[in-house]
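# Residue-level structure breakdown
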Amino acid sequence: MGGWRGMSVEVLEDQYSPSRWSRRLDRDTIIDAHLEVTAAGTERARASAQTLLHVPYGGGDREKLDIYFPTSPSETFPALVYIHGGYWQCLSKDDSGFAAPPLVSRGVAVVAVGYDTAPAGHMDAMVQQVRRSLVFLTEQHPRIRGIYLCGHSAGAHLAAMVLSTDWTEFRVVPDIKGAVLVSGLYDLEPLLDTYVNDALKMSREVAQRNSPMRRVTPAVPAACEVLVAVAQHDSPEFRRQSQEYSQALRAAGWSVSLLDLAGVDHFDIIERLSEDSYILTQVILNMIGRA
Ligand SMILES: N[C@@H](CC(=O)c1ccccc1NC=O)C(=O)O
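Remember, it's a predicted structure, so these values are computed and weren't measured experimentally.

## Examining helix H2 (residues 30-48)
- Between its first and last C-alpha, H2 extends 27 Å over 19 residues, near the 27 Å set by a 1.5 Å rise per residue.
- Summarising the contacts, the buried residues of H2 are in contact with strand E2 (64-68), helix H3 (100-104), strand E5 (144-152), strand E8 (255-265) and helix H9 (268-271).

Below, the structure written as structure tokens:
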């Protein structure tokens, strides 16, 4: 867990700038391209699926979620709950429905969760918001049976924090059957001195308390299946974090697979979930039993 401690701030900033590691697009265009692709994909999904948009799960402005319903819904159906990335400071649920088309056509709902990004949002609060969104779905949408979490980058971090939740503090226990963590961050300490923390303003304590790597709980008998996916063209630090987190979960008894996806980078690893034939789409459908 400690190799990064010998790195200069300059090296850490390079390692934790996913845009610098793509072989597809240069660092100045790739983020704009990502915003365009996810927004356009979300627009397509909203045009083709039955939706309930901007459903409040709490009183806050950003405490809203979008539901994309299955094309031919059975009485009850599973849901993939998508938690967007953007280093806890950009993107929103309104760019986060692009994965819906291949799933809704196979009977799976997709839920895109909004949360308060920084500087408005604090790390502890974002984690709680995502947890509360799952409690809301469980209580208010009983047709959803079985939740599969999917998060990208900072969203994979939030999904991993959900796995460490002590649900006794909540009214219900969401039935989380699987988690797909894509190009995530599981130890926040290396970010403390980098530009990523400018808006987040995390103290060391906050970073440690919110690091899934430090919060791995022993797997319970019916623990969900976890898939940790990382891109070939993610940085060595991102790749290390996925490897170490998947190992730590496995050591604690969880059923985990590490999927190292060839030919993709930090951004198209998730964008391509809009395609039926993409390997990660197929792996997710297989996990849900709809392949
Ligand atoms: N400043 C970052 C931006 C970034 O990491 C990012 C941008 C859009 C969506 C996801 C991202 N990564 C993690 O949440 C970079 O250099 O790539």
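## As for the environment of Pro236
- If you trace the backbone, Pro236 turns up in helix H8 (residues 236-251).
- When the C-alpha positions of Pro236 and Val110 are compared, they lie 31 Å apart, and in sequence the two are 126 residues distant.
- Excluding its chain neighbours within four sequence positions, the residues that come into contact with Pro236 are Gln15 and Trp21.

## Side note on the sheet that holds strand E6 (residues 176-182)
- Spatial strand order, E1-E2-E4-E3-E5-E6-E7-E8: eight strands in an open sheet with mixed pairing. Two strands in the sheet have a free side with no partner beyond their single neighbour: strand E1 (51-56) and E8. On average, each strand axis in the sheet is tilted by 20° relative to the strand beside it, whichever way the strands run.
- Both strand E3 (residues 77-83) and E5 contribute to a ladder of six bridges, which runs parallel. Its bridge partner being in E5, Val81 is matched across the sheet by Leu149.

## Examining the side chain of Thr281
- With respect to the element layout, Thr281 can be found in helix H10 (residues 279-288).
- With a relative accessible area of 3%, Thr281 lands in the buried category.
- The contacts of Thr281, once residues within four sequence positions are left out, are Pro102, Arg272, Leu273, Glu275 and Asp276.

## Topic: the pairing of E3
- With seven of seven residues buried, E3 is to be regarded as a mostly interior element.
- Bridge count between E3 and strand E4 (residues 109-113): five bridges; the pairing is parallel. Counterpart to Tyr82 in the pairing with E4 is Ala112.

## Observations regarding the packing of aromatic side chains
- Within the structure shown, the criterion is met by seven aromatic pairs.
- A centroid spacing of 5.6 Å and a plane angle of 50° characterise the contact between Tyr16 and Phe238, whose relative ring orientation is tilted. With Tyr16 in the loop between helix H1 (9-15) and H2 and Phe238 in helix H8, this residue pair connects regions lying 222 residues apart in the sequence. The exposure classification of Tyr16 matches that of Phe238, with both residues buried.
- Feature note: the residues Tyr87, Trp88 and Tyr195 constitute an aromatic cluster, connected by ring pairs.

## Quick word on the UniProt feature "active site" (unreviewed entry) in the protein
- The UniProt entry lists Ser153, Asp234 and His266 under the feature "active site" (unreviewed entry), expressed in the numbering used here. Taking the farthest pair of C-alpha atoms as the criterion, the annotated set spanning 114 residues converges on one region, since that pair is 10.5 Å apart.
- On the secondary structure map, Ser153 appears in the loop between E5 and helix H5 (154-163).
- With relative accessibility at 4%, the residue Ser153 sits in the buried group.
- Apart from residues lying up to four places away in sequence, Ser153 is in contact with Gly85, Val182, Ser183, Gly184, Leu185, Phe238 and His266.
- Judged by relative accessible area, which is 4%, Asp234 ranks as buried.
- Beyond its immediate stretch of four places on either side in the chain, Asp234 contacts Trp21, Ser183, Arg239 and His266.

## Describing H10
- Along H10, the positions that sit buried rather than exposed are Leu280, Thr281, Ile284, Leu285, Met287 and Ile288. The buried residues of H10 occupy one face: seen down the axis, they fall within an arc of 160°.
- Downstream of H10 by a residue or two, Gly289 has a phi angle that is positive, lying close to 80°.

## What about the site of the ligand?
- As a structural note, the neighbourhood of the ligand is formed by 14 residues, with Ser19, Gly86, Tyr87, Ser153 and Tyr195 the closest of them.
- Between the ligand and the protein, one listed contact pairs an oxygen atom with a backbone N or O atom of Pro18 at 3.3 Å.
- At a separation of 3.3 Å, a nitrogen atom of the ligand approaches a polar side-chain atom of His266.
- Here the ligand has 410 Å² of accessible area as a free molecule, and 92% of this is covered by the chains.

## Here we look at the nonpolar core
- Membership of the largest hydrophobic core comes to 61 residues, with the highest contact counts inside it found for Trp88, Val111, Leu149, Leu181 and Val226.
- Leaving out residues up to four positions away in the same chain, Val226 has contacts with Leu163, Ala179, Leu181, Leu249, Trp254, Ser255, Val256, Ser257 and Met287.
- Core analysis: the second largest hydrophobic core is formed by 30 residues, Ala49, Phe98, Ile270 and Ile284 among them.

## Describing the pattern of salt bridges
- The tally for this structure, following the rule as stated, stands at 20 salt bridges.
- The salt bridge involving Lys93 is made with Asp94; its shortest N-O contact spans 3.0 Å.
- According to the relative accessible area criterion, Asp94 is partly exposed, its value standing at 34%.
- Across the pair Asp260 and Arg239 runs a salt bridge, and its minimum N-O distance is 2.8 Å. One end of the pair, Asp260, is in strand E8; the other, Arg239, is in helix H8, and 21 residues separate them in sequence.
- On the basis of relative accessible area, Asp260 is assigned to the partly exposed category, the value being 43%.
- Shared partners join several salt bridges into a network, and the residues in it are Arg5, Glu189, Arg204 and Arg214.

About the criteria used
Every chain begins its residue count from 1, and numbering advances along the sequence as written. Per-residue local features are limited, in this predicted model, to residues with pLDDT of at least 70; the limit for side-chain atom pairs, both in listing and counting, is 80 or more; totals at the level of whole chains, interfaces and linings are taken over all residues. Only hydrogens and water are set aside; all other atoms, that is, all heavy atoms of the structure, feed into the side-chain values. Going along the chain from the N terminus, every DSSP run of H or I of four or more residues is numbered as a helix, and every run of E of two or more is numbered as a strand. Here the expected span of a helix is defined as 1.5 Å times the quantity of residues minus one. Two residues qualify as a contact provided that any one of their heavy atoms is within 4.5 Å of a heavy atom in the partner residue. DSSP-based pairing: two strands are paired if at least 2 bridges between them are found. Each axis is a line fitted through C-alpha atoms, and for a helix only the stretch in contact is used; angles between axes span 0 to 180 degrees, taken between their N-to-C directions. Residue burial is assigned from relative accessible area. The probe radius is 1.4 Å, only protein chains are included, and a residue is buried under 20% of its type maximum, exposed over 50%, and partly exposed in between. Stacked, edge-to-face and tilted labels apply to pairs of Phe, Tyr and Trp rings (six-membered ring for Trp) whose centres lie within 6.5 Å, assigned for plane angles under 30 degrees, over 60, and everything in between, in that order. UniProt positions are given in the numbering used here, feature names are shortened, and annotations may be inferred rather than shown by experiment. The directions from the helix axis to the C-beta atoms are what the arc is built from. For this description, a residue counts as near a given molecule or strand if any of its non-hydrogen atoms is within 4 Å of it. As used in this structure description, the phrase polar contact means that two N or O atoms lie within 3.5 Å; if the pair is within protein, one of them must be able to donate a hydrogen and the other to accept it, and residues adjacent in sequence are counted only when both atoms belong to side chains. Accessible areas in this description were obtained via Shrake-Rupley with a 1.4 Å probe; residue shielding takes into account the shown protein chains only. Nonpolar core, defined: a set of buried Ala, Val, Leu, Ile, Met, Phe, Trp, Tyr and Cys residues in which side-chain atoms within 4.5 Å join the residues together. Salt bridges are identified by distance alone: a Lys or Arg side-chain nitrogen within 4 Å of an Asp or Glu carboxyl oxygen.

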